[in-house]
Amino acid sequence: VQLVESGGGLVQPGGSLRLSCAASGFTFSSYAMSWYRQAPGKEREWVAAITSAGGRTNYAESMKGRFIISRDNAKNTVYLQMNSLKPEDTAVYYCKADSVFYVYTYWGQGTQVTVSS
């Protein structure tokens, strides 16, 4: 099982980034997917989630209207489009896969996002 995030980097405030998380080794289309983030010295926090078929999404309050989670089950990939980025969005971003009833959970290794001028 692998979840590999990519797309992180350095961006100026107000800019955008699109993160990707490529999955392998499990039936991606059967898993709900989420994004989390962890800033230095802080606990990991939930960012957004999407159901297995992609029909429903949900966001943490501070990300609503700025971030968009999506998935392509044909490509076994989940995305996080991040717009209007702020310095406080600086963190390592992780994707997570959850099976039905959370019997299985998998994490990626994370990708660094730094928002700074």
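The notes below deal with the structure included here.

Thresholds applied
Residues numbered from 1 in each chain as written. Predicted model: local features only at pLDDT ≥ 70, side-chain atom pairs only at ≥ 80, totals over all residues. Heavy atoms only, no water. Disulfide = S-S within 2.5 Å. Helix = DSSP H or I, 4+ residues; strand = E, 2+ residues; numbered from the N terminus. Core = buried A, V, L, I, M, F, W, Y, C linked by side-chain atoms within 4.5 Å. Buried < 20%, exposed > 50% of the residue type's maximum accessible area, 1.4 Å probe, protein only. Contact = heavy atoms within 4.5 Å. Phe/Tyr/Trp six-rings, centres within 6.5 Å; stacked < 30°, edge-to-face > 60°. Lys NZ or Arg CZ within 6 Å of the ring centre and 35° of its normal.

1. Quick notes on the state of the cysteines
And step 1. As enumerated under the stated definition, the model contains one disulfide in all.
And step 2. In this model, Cys 21 is linked to Cys 95 through a disulfide, with the two sulfur atoms separated by 2.0 Å. Taking the sign of the torsion about the S-S bond as the criterion, the disulfide between Cys 21 and Cys 95, at about 50°, is right-handed. Within this pair, whereas Cys 21 is found in strand β3 (residues 17–24), its partner Cys 95 is found in strand β9 (residues 91–98), the two being separated by 74 residues in sequence.

2. A short note on the nonpolar core
And step 1. Counting residues in hydrophobic clusters, the biggest one holds 30 residues, and the most contacted among them are Trp 35, Val 78, Leu 80, Met 82 and Tyr 93.
And step 2. The set of elements that each furnish at least two residues to this core consists of β3, β4 (32–38), β5 (45–50), β7 (67–72), β8 (77–82), β9 and β11 (111–115).
And step 3. Apart from the residues within four sequence positions on either side, Tyr 93 is in contact with Glu 5, Leu 19, Trp 35, Tyr 36, Arg 37, Val 47, Phe 67, Leu 80, Met 82, Gly 110, Thr 111 and Val 113.

3. Some remarks on the packing of aromatic side chains
And step 1. Applying the stated criterion across every chain, the model contains six aromatic pairs.
And step 2. Ring centres of Tyr 31 and Tyr 106 lie 5.8 Å apart, and the angle between their planes is 25°; on these two criteria the pair is classed as stacked. Of this pair, Tyr 31 sits in the loop between β3 and β4 while Tyr 106 sits in strand β10 (residues 105–107), and the two are 75 residues apart along the sequence.
And step 3. Relative accessible area serves as the criterion here: at 9%, Tyr 31 is assigned to the buried category.
And step 4. One aromatic cluster in this structure is built from Phe 26, Phe 28, Tyr 31 and Tyr 106.
And step 5. Note that Arg 18 overlies the ring of Tyr 79, its terminal NZ or CZ placed 3.9 Å from the centroid.

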